[in-house]
Amino acid sequence: MAATNKTFYEQEIDRLYSASPLKAKQYLLIRQSKAFMEKYHSEHIELDDLAKAALMSRFHYVRVFKQLYGVTPRSYLKDMRIAKAKALLREGHPITYTCFEVGYESVATFSSVFKKSTGYSPREFQKRHKSNLE
C-alpha cells in the first residue's frame, strides 16, 4: 500500500482533526465556508449566514474557523480583499473601481481599512508602485 504525499496544509488539518473533538462534517463545512469567501469575496457576506450554513452558532463558528486557520473569518476576508485590492492597484485600476471590485461599499471605508492594513492610503500605494515601475 503506497502512502500518498500530503502537503503541509493537509498534514496540519489531519493533526487538528485528530487532536480535536470536532466531527469531520464540521471541518468540511468550515472549509466550504472558506472556499465560499474566496469565490464571493466581492459580495456582501454576513458572518451569521456563514455560521448558519456551517450548522453552528456564530460564536462556535468563529472559534472553530480561528482554530483551523489562525484568524477569524472576518480578518481572513479582510486580508483577502486587501491582497486583491493591492493587485488591482498595482495593475493601475482606479481606486473607486478597486473598492467596489473587492467588496467594499464605501470608498472611505475601503481607504481606511487599506491604510490600516498596509500603512499607505490606496493613492499612496498606487503612486509608490508606479514610481517603482519607472
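Everything below is about the structure shown above.
Keep in mind it's a predicted model, so treat the numbers as computed, not measured. (Residues numbered from 1 in each chain as written. Predicted model: local features only at pLDDT ≥ 70, side-chain atom pairs only at ≥ 80, totals over all residues. Heavy atoms only, no water.)

Novice: Just to check I follow, could you spell out the overall build of the protein for this structure?
Specialist: Along its length, the protein carries 8 helices and 0 strands. When the helices and strands of the protein are placed in sequence order, the string is α-α-α-α-α-α-α-α. Of all 134 residues assigned to the protein, the portion counted as buried reaches 34%. Sequence-distant contacts in the protein: of pairs separated by 6 or more residues, those separated by 24 or more amount to 53%. (Helix = DSSP H or I, 4+ residues; strand = E, 2+ residues; numbered from the N terminus. Buried < 20%, exposed > 50% of the residue type's maximum accessible area, 1.4 Å probe, protein only. Contact = heavy atoms within 4.5 Å.)

Novice: Before we go on, may I ask you to explain the nonpolar core in this structure?
Specialist: General note: in soluble globular proteins, nonpolar side chains tend to be found buried as a group. Counting 19 residues, the largest nonpolar core has Ile30, Met37, Met56, Tyr61, Phe65 and Leu68 as its most contacted members. If you list the elements that add at least two residues to this core, you get helix H2 (24–39), helix H3 (47–53), helix H4 (58–69) and helix H5 (73–90). The element best represented in this core is H4, accounting for 5 residues. With residues up to four places along the chain from it excluded, the contact list for Ile30 reads Met56, Tyr61, Val64, Phe65, Leu68 and Tyr69. Core analysis: the second largest hydrophobic core is formed by 12 residues, Leu89, Ile95, Val102 and Phe110 among them. (Core = buried A, V, L, I, M, F, W, Y, C linked by side-chain atoms within 4.5 Å.)

Novice: Where do I start with the layout of surface pockets in this structure?
Specialist: The gaps left among the atoms become clear once a water-sized probe is rolled over them. The volume enclosed by the largest pocket comes to roughly 460 Å³. Around the largest pocket, the lining is made up of 17 residues, and of these His44, Ile45, Arg74, Leu77 and Arg81 lie nearest the centre. Mapped by element, the contributors of at least two residues to the lining of the largest pocket are H3 and H5. In terms of residue class, the lining of the largest pocket is made up of 7 nonpolar, 4 polar and 6 charged. (1 Å grid on protein atoms, 1.4 Å probe; cavity = no way out; pocket = protein on both sides within 12 Å on 5 of 7 lines; lining within 4 Å. Points joined across faces, edges and corners; volume = space filled by probe spheres on them. Nonpolar A, V, L, I, M, F, W, Y, C, P; charged D, E, K, R; others polar.)

Novice: Looking at this structure, how should I read the environment of Leu47?
Specialist: Tracing the sequence through the fold places Leu47 in helix H3. Spatially, the C-alpha atoms of Leu47 and Pro73 are 7.7 Å apart, while their sequence positions differ by 26 residues. If we ignore the near neighbours within four places in the chain, the residues touching Leu47 are Arg58, Tyr61, Val62, Pro73 and Arg74.

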